[in-house]
Amino acid sequence: MSQSVFPALPGLMWGFTLGERFDTVIYPAAAPGFETRISKGPDPTFMIKLQYEFLRNKPSVDELSTLRAFFRAMKGDFDSFLLDLSTLTHNSADDTIANQVLTVDANGYAPLVRNVAGNVVSNLETIYEVNTITSVKANNVTYTLTGHNVNATAGHYSYWDASPTRTYAGASYPGVVIQFGTVPTPPPDVISFSWYYRVRFEKGEADFDAFMFELYELQEISLMTTRLL
């Protein structure tokens, strides 16, 4: 598990593919048309296909070596790394959220989510990798951070990583979770933060094509989101 961030390089084509794939186990029944379906998780796997129009290979500027070195450091599809999606979409909403509502339960925990489109449960995307937490407020009072992966003290908050899954008083929290040392009074409770996606290369191979002197292209390379065990 690497904490390296996928490099943003100028040769990336504007157009790229962002796909979503849910994993479902399907068992056909004996009777035609009947089946049992079991979902393997609440969140889709994101599939990202990139193309690089040019990668320079000059002594003064060498994007080719940068990308090759990163690919080798990850050992192709072996290791996972971090992706700031906004470097691809050029949309700050894909890596930063201000005043996201927190739903605090009786245990003093609040799962960290991204509200993709409207306050609808099906549009809540679980956050698995925090970059920075700018502020946490409960009823307009700013809470101070106790620490990371430690129990929050009274009047403060902490945040816990997604792995291993945080379980407390019979409740399970699959992603990053905010813990309050003192359960806040009813909402609004909000957080401002930025995050990464944890991804890996889909395949363990990459083909760099030379098309001019000191210029290469990469016709396609695919990333896919992954989870920690």
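Residues numbered from 1 in each chain as written. Predicted model: local features only at pLDDT ≥ 70, side-chain atom pairs only at ≥ 80, totals over all residues. Heavy atoms only, no water.

Turning our eyes to something else, we now look at empty space enclosed by the protein. The final tally for this structure, using the stated rule, is one cavity of 30 Å³ or more. What lines the largest cavity is a set of 13 residues, among which Glu125, Thr126, Tyr128, Tyr197 and Arg227 lie closest to the centre. The leading source of residues in the lining of the largest cavity is strand 17 (residues 189–201), at four residues. Considering only residue class, the lining of the largest cavity consists of seven nonpolar, two polar and four charged. (1 Å grid on protein atoms, 1.4 Å probe; cavity = no way out; pocket = protein on both sides within 12 Å on 5 of 7 lines; lining within 4 Å. Points joined across faces, edges and corners; volume = space filled by probe spheres on them. Helix = DSSP H or I, 4+ residues; strand = E, 2+ residues; numbered from the N terminus. Nonpolar A, V, L, I, M, F, W, Y, C, P; charged D, E, K, R; others polar.)

This part is about the pattern of salt bridges. Pairing of side chains with opposite charge becomes possible as their charged atoms draw close. According to the stated counting rule, one finds six salt bridges in the structure shown. Taking the shortest distance from any N to any O, the salt bridge between Arg114 and Asp94 comes out at 2.7 Å. Placement of Arg114 in strand 8 (residues 113–115) and of Asp94 in the loop between helix 2 (86–89) and strand 6 (96–101) is noted, with a sequence separation of 20 residues between them. Its relative accessible area of 11% is what places Asp94 among the buried residues. Among the charged side chains, a network of salt bridges with common partners joins Asp94, Arg114 and Glu125. (Salt bridge = Lys/Arg side-chain N within 4 Å of Asp/Glu carboxyl O. Buried < 20%, exposed > 50% of the residue type's maximum accessible area, 1.4 Å probe, protein only.)

Before going further, it helps to examine the nonpolar core. Grouped together as the largest cluster of nonpolar side chains are 42 residues, with contacts concentrated most on Phe6, Leu50, Tyr52, Ile133, Ile178, Phe201 and Leu223. If you list the elements that add at least two residues to this core, you get strand 4 (45–56), helix 1 (63–73), strand 5 (81–83), strand 10 (129–138), strand 13 (156–160), strand 16 (177–180), strand 17 and strand 19 (215–225). Top element by residues in this core is strand 17. It accounts for six residues. Not counting the four nearest positions on each side in its chain, Ile178 is found in contact with Leu102, Gly108, Tyr109, Ala110, Ile133, Tyr157, Ser158, Tyr159 and Ile191. (Core = buried A, V, L, I, M, F, W, Y, C linked by side-chain atoms within 4.5 Å. Contact = heavy atoms within 4.5 Å.)

Let's shift gears to the sheet that holds strand 12 (residues 144–148). Within the open sheet, the four strands sit side by side as 7-16-13-12. Their pairing is mixed. Of all the strands in the sheet, the pair left with one neighbour each is strand 7 (109–111) and strand 12. Averaged over all pairs of adjacent strands, the angle between strand axes in this sheet comes to 25 degrees, irrespective of strand direction. Looking at chain direction, strand 7 and strand 16 are connected through three bridges and run antiparallel. By the bridge assignment for strand 16, Tyr109 is matched with Gln179. (Pairing = 2+ DSSP bridges. Axes fitted to C-alpha atoms, helices over the stretch in contact; angles between N-to-C directions.)

A few words now on unusual backbone geometry. If you check the backbone angles, Asn99 has positive phi at about 60 degrees while not being a glycine. The topology assignment puts Asn99 in strand 6.

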